[in-house]
Amino acid sequence: MKRFALIGVGGVAGFAAALMLFPAARGASDLSAYHQLDLFSDAFERVRANYVRPVQDSELVDNAIEGMVSALDPHSSYMDAKNFADMRIQTKGEFAGLGIEVTMEDGLVKVISPIDDTPAAKAGLKTGDFIAAINSTPIQGMSLNDAIDKMRGQNGTKVSLTILRPGSKKPFDVTLTRAVIHVDSVKFRREGDVGYIRISAFNERTASGLENAVRNLKAQIGGSLRGYVIDLRNDPGGLLDQAVAVSDDFLNAGEIVSTRGRHPDDTERYNARGGDITDGKSIVVLINGGTASASEIVAGALQDHKRAQVVGMTSFGKGSVQTIIPLGEGGGALRLTTARYYTPSGHSIQATGIVPDVAVSQSDNDEATTKLRISEANLPGHLQGEAAKKANQTPIKPPAGKKFDDFQLSYALDLLRGGKTVASLTKSASAN
Amino acid sequence: MSEPPASRRNAFAKGLALLASGAAIAFCGTFALLHFAHGADSSAELARFGRAYATVRADYVEPPGDQQLVEGALSGMLGDLDPHSSYFDPRTFAAMQVKTEGQYGGLGLVIGVEDGLVTVVSPIEDTPASRAGLKSGDRILSIDGKQTTGLKLDDVQDKLRGAAGTKVVLSVMRQGLHDPFDVKLTREVIAVEGVTHKREGDLGYIKIPAFNEHTDEGVRRAVAALRKEIGPRLKGYILDLRDDGGGLLDQAVAVSDDFLDGGEIVSIRGRHPEDTQRFDAKPGDVTDGKPIVILVNGGTASASEIVAGALQDHRRARVEGSLTFGKGSVQTVIPLDDGKAGALHITTARYYTPSGRSIQTTGIVPDVAVADSNTADTEALQSLIGREADLPHHLVAEGTPIKSDVASIIRPDPKKKYADFQLTYAEQMLRGPTRR
């Protein structure tokens, strides 16, 4: 860059605005940052000048930012301006759809199932229907994601679908009005004297769904209710505030989780307020390798407070917090890992995961699956966990020759009921 | 996952307040210079990068290394351009230097990608890979503990290579086995395969496995030896370029020149007309104009495609076999900071055959399409390797599209056994339809 001795006055302002963002820049570290940026601009200029075809500057920079951020860890990423705009519509709740689960088959979109009480269900779409065109644009040649994008849009707008239904001779059109789709993340059922609650994700309505489930189960089971199984298996997580609210539902007081960033003043603590919606009934939390993030916060908080026994297999270990940081006008946004989660006892969930109080494997050959399972610790470039607690429990396995639909659940129910258990056939539970 | 907590926004504001600090002024200097160099558009884009860089430096959960950030940015910027452009970090670049000095070791593995996993296409005989018992179809899950998923094939190849004598541990998944297992191998200098030849009755057969410094010399020596061995009955030559992944351009030019009396061999065209380079044949044909059949397949790439394309366009040879790979782009290595910061490896030009066809993605269409003998196996392997057009973000073809006038594919008689049907067919073409 030495060739260009003159400083263009007009251009300085924009760069200055970018660069003053270096907080607390100091001596040696400045030099390194300066040098690296210089290298980058040199490379950028060379690619612009020499690449076999002209490339958009914005494309180069988008890819550079994406490469820089995604090399940090598996959860940091870059959203270009378009993706960022889409995301903002989604989180504002203005993002609407039709309420169908779909897949791709023979080049057409196939309806797996319409979700109850959505535009798709109301319009009479059925499992097995094929969608051949959206607003008269044929699906053929479109990717599934593109098709889904076309079906989504502003709440209240209309979309017309051309449907091929097996059994009917001709395709027909249906017009649907897009609506905000709420997917229930909480399901529950009575298991004799135990309330079983399944949480499949943490979205805006998870805590209220849980409270509703507990109310219903109390009414259904009545005085004989012994306790609850909270099933967090394969729950990939979601919203932090919902994880906090769900934990709070079962806790009377104390810390639920803390997030700690690079600087001590970034630390945030979330505490439980008084009141336990189950009136202190026993709880077993089920986890497995698919239990991640927000689910791990719940499992970790209830475990640390000895409010629940955690049963199953070690969880995924996603203990990092991502923050959306917009890059200014038209610049997209970074989804950047800025902090780690810590359970009340000070354990980082990152990479270690939540180790169950009682390790119970779902099947005989779970060991093979555990080895091959993907967990945070297997992801390339994962953040290291601090203070890893090593648990070398041999998991309890279903006794040979007996069939269980869901051995982990059977074990959890037995644990709540006490006495003779499926587990006592193999080994008695060690945790209390 | 969560909106920025209030404290983070405060930290951000604090960052903004540092405007007047000395550091900020120093940076202004560099960027102003850049601005001057690129004009408004690119300066805005560079500023955008600067913002992202500053944000990550300030807010990432751990203090990131500046070098790590920029290396990530460079691999992202180059890696998405096309399948052959990439950034060599300083370590990789240093290792490459060693490679050209001949101390470079490898394992002797031909690899491809299947189902997103790095898969062994074949181990080369008498190499560390074959001695360790690696098999075609084995999946390589990790190299020295680092997962291979998500890596480019070129990067995987780089990780497999290293100084001769060093060790590498592969985690291998094999069909039929429950668990992946580890294999420890010691890298060694893999003998670069040279040109081989053999007499096939009244025909000379010459196999070129790759284009390295000695290839042209090897071809000339092979022709001389065959002429001497067969004598005046010599009817013609078979030049086998199957599975020849290419190599040095100057050797491709020299080999083509061996068989041509004049005319263009290949041209390289970059972005600017003044970048165009033409390579022409000098008079003299080492075979005195004897007929030639060139064997090609989906593994014939780059330098090999130049030879096949040049001899085909000049009607000097008939090209037989299956469609070639289609790698018609030229990469240039541009060191950064004298190599201390690694190097850019970017596509800067395309190859064109004498008639003006771009080899890129279309490949060389054989004059006679002939299937291989052991059809099922080879087709399966071919799909493992894939073609340029299957690679994500490949450069699209330019220039005159090639019309495929291949009406039908000649296949071996299923009742008969052939050691190498394509070769057998080539021999028949050269000898004429007299027998049978």
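Residues numbered from 1 in each chain as written. Chains lettered and ligands numbered in written order. Predicted model: local features only at pLDDT ≥ 70, side-chain atom pairs only at ≥ 80, totals over all residues.

1. Focus: the overall build of chain B
This is how it is decided: Secondary structure is summarised from DSSP: a helix means a run of H or I of at least four residues, a strand means a run of E of at least two, and numbering begins at the N terminus for each. For the exposure call, what matters is how many other C-beta atoms sit within 10 Å of a residue's own: 20 or more marks it buried, 12 or fewer exposed, and in between partly exposed, using C-beta atoms placed from the backbone. Residues are treated as contacting if the C-beta atoms built from their backbones sit within 7 Å of each other.
From N to C terminus, chain B includes 11 helices and 19 strands. Counting across all 436 residues of chain B, residues that qualify as buried make up 45%. Considering only contacts within chain B whose residues lie at least 6 apart along the sequence, 69% involve residues at least 24 apart.

2. Focus on the environment of Arg48 of chain A
Considering the arrangement of structural elements, one finds Arg48 of chain A in helix α2 (residues 27–50). Put simply, Arg48 of chain A and Leu60 of chain A are 12 residues apart on the chain and 8.6 Å apart in space, counted from C-alpha to C-alpha. With residues up to four places along the chain from it excluded, the contact list for Arg48 of chain A reads Asp57 of chain A together with Ser42 of chain B.

3. Observations regarding the packing of helix α7 (residues 206–221) of chain A against helix α8 (residues 240–250) of chain A
Residue and element names in this part refer to chain A. Rules: Every angle, taken between N-to-C directions, lies between 0 and 180 degrees, and every axis is a line fitted to C-alpha atoms, over only the stretch in contact when it is a helix. The cut-offs work like this: below 35 degrees is roughly parallel, past 145 is roughly antiparallel, 65 to 115 is roughly perpendicular, and the gaps in between are oblique. Each crossing gets its hand from how the near helix is turned against the far one by less than a right angle, where anticlockwise is left-handed and clockwise is right-handed. Asp, Glu, Lys and Arg are counted as charged, while Ala, Val, Leu, Ile, Met, Phe, Trp, Tyr, Cys and Pro are counted as nonpolar; the rest, among them Gly, fall into the polar class.
Following both chains from N to C, one finds α7 and α8 inclined at 25 degrees, their axes separated by 8 Å at the closest point. In terms of axis orientation, α7 runs roughly parallel to α8. As for how α7 packs across α8, the hand of that crossing is right-handed. Where α7 approaches α8, its residues Thr206, Ala207, Leu210 and Glu211 are matched on the opposing element by Gln242, Ala245, Val246 and Asp249. Looking at the contact of α7 with α8 residue by residue, the classes come out as 4 nonpolar, 2 polar and 2 charged.

4. A look at the sheet that holds strand β19 (residues 358–359) of chain A
In any sheet, the strands associate via hydrogen bonds between backbone groups, in a parallel or an antiparallel arrangement. All names here are of chain A. What counts here: Only when DSSP finds a minimum of two bridges between them are two strands counted as paired.
Across the sheet, 6 strands lie side by side as β10-β11-β12-β15-β16-β19; this open sheet has mixed pairing. For this open sheet the edge positions go to β10 (186–191) and β19, each flanked by a neighbour on one side alone. Looking at chain direction, strand β15 (residues 282–287) and strand β16 (residues 309–312) are connected through 4 bridges and run parallel. Bridge pairing in β16 places Val285 opposite Val310.

5. Considering unusual backbone geometry
Residues and elements named next belong to chain B. Its identity as a non-glycine residue notwithstanding, Arg315 has a phi of 50 degrees, on the positive side. Following the sequence through the fold, Arg315 ends up in the loop between α9 (303–313) and β16 (318–321). Look at Arg315 and you get exposed, because 8 C-beta atoms sit within 10 Å. The residue Asp338 is not glycine, and still its phi comes out positive at about 55 degrees. Note on placement: Asp338 falls in the loop between β17 (329–335) and β18 (343–352). Asp338 sits in the exposed class, given 7 other C-beta atoms within 10 Å.

6. Things to note about the sheet that holds strand β10 (residues 196–200) of chain B
All names here are of chain B. Taken in spatial order, the 6 strands of this open sheet run β10-β11-β12-β15-β16-β19, and their pairing is mixed. Every other strand in the sheet has two partners, leaving β10 and β19 (368–369) as the edge strands with one partner each. Contacting β10 and β11 (203–207), helix α7 (residues 215–230) runs over the sheet at an angle of about 20 degrees to β10. Sheet contacts for α9: β15 (292–296) and β16; angle to β15, the most-contacted strand, approximately 145 degrees.

7. Considerations on the nonpolar core
Heads up, the rule is: Nonpolar cores are identified as sets of buried Ala, Val, Leu, Ile, Met, Phe, Trp, Tyr and Cys residues joined via C-beta atoms within 7 Å.
In this structure, Ile197, Val229, Val284, Val285 and Ala412 of chain A are the most contacted members of the largest nonpolar core, which totals 113 residues. Tallying contributions element by element places helix α2 (residues 22–59) of chain B first for this core, with 9 residues. Counting residues in each nonpolar core, the second largest holds 49 residues, with Leu239, Leu295, Ala308 and Val365 of chain B among its members.

8. As for the pairing of strand β5 (residues 130–134) of chain A
Along any regular strand, the residues point their side chains to alternate faces of the sheet. All names here are of chain A. Summarising the sheet, strand β4 (residues 108–114) and β5 pair through 2 bridges and their orientation is antiparallel. Residue pairing across strands places Lys110 opposite Phe130, the latter belonging to β5. As defined by bridge partners, β5 adjoins strand β8 (residues 158–164) across 4 bridges and the pair is classed as antiparallel. Along β8, the bridge assignment pairs Ile134 with Leu161. With 2 bridges joining them, β5 and strand β6 (residues 137–138) adopt antiparallel strand pairing. Paired with Ile134 across the two strands is Thr137, which belongs to β6. What sits between the antiparallel neighbours β5 and β6 is a turn of 2 residues, in which Asn135 has the positive phi angle 50 degrees.

9. A few points about α7 of chain A
Residue and element names in this part refer to chain A. What counts here: The span one expects for a helix is its residue count, reduced by one, times 1.5 Å. The reported arc concerns the directions from the helix axis to the C-beta atoms and nothing else.
Taking 1.5 Å of rise per residue, the 16 residues of α7 would be expected to cover 22 Å, and the 22 Å separating its terminal C-alpha atoms lies within 8% of that figure. Taken together, the buried positions of α7 are occupied by Thr206, Ala207, Gly209, Leu210, Ala213, Val214 and Leu217. Projected onto a plane normal to the axis of α7, the buried residues spread over an arc of 155 degrees and lie on a single side. Away from its buried face by more than 90 degrees, α7 exposes Ser208, Arg215 and Ala219. On its buried face, α7 sits against β10, β11 (194–199) and α8.

10. Structural notes on the confidence of the model for chain A
All names here are of chain A. To be explicit about the condition: The quantity called pLDDT is the predictor's confidence in a given residue, expressed from 0 to 100.
The pLDDT averaged across chain A works out to 82; a share of 82% of its residues lies at or above 70. A low-confidence stretch, residues 386–390 (pLDDT under 50), is modelled with 7 contacts involving residues beyond four sequence positions or located in other chains. A low-confidence stretch, residues 423–432 (pLDDT under 50), is modelled with 16 contacts involving residues beyond four sequence positions or located in other chains.

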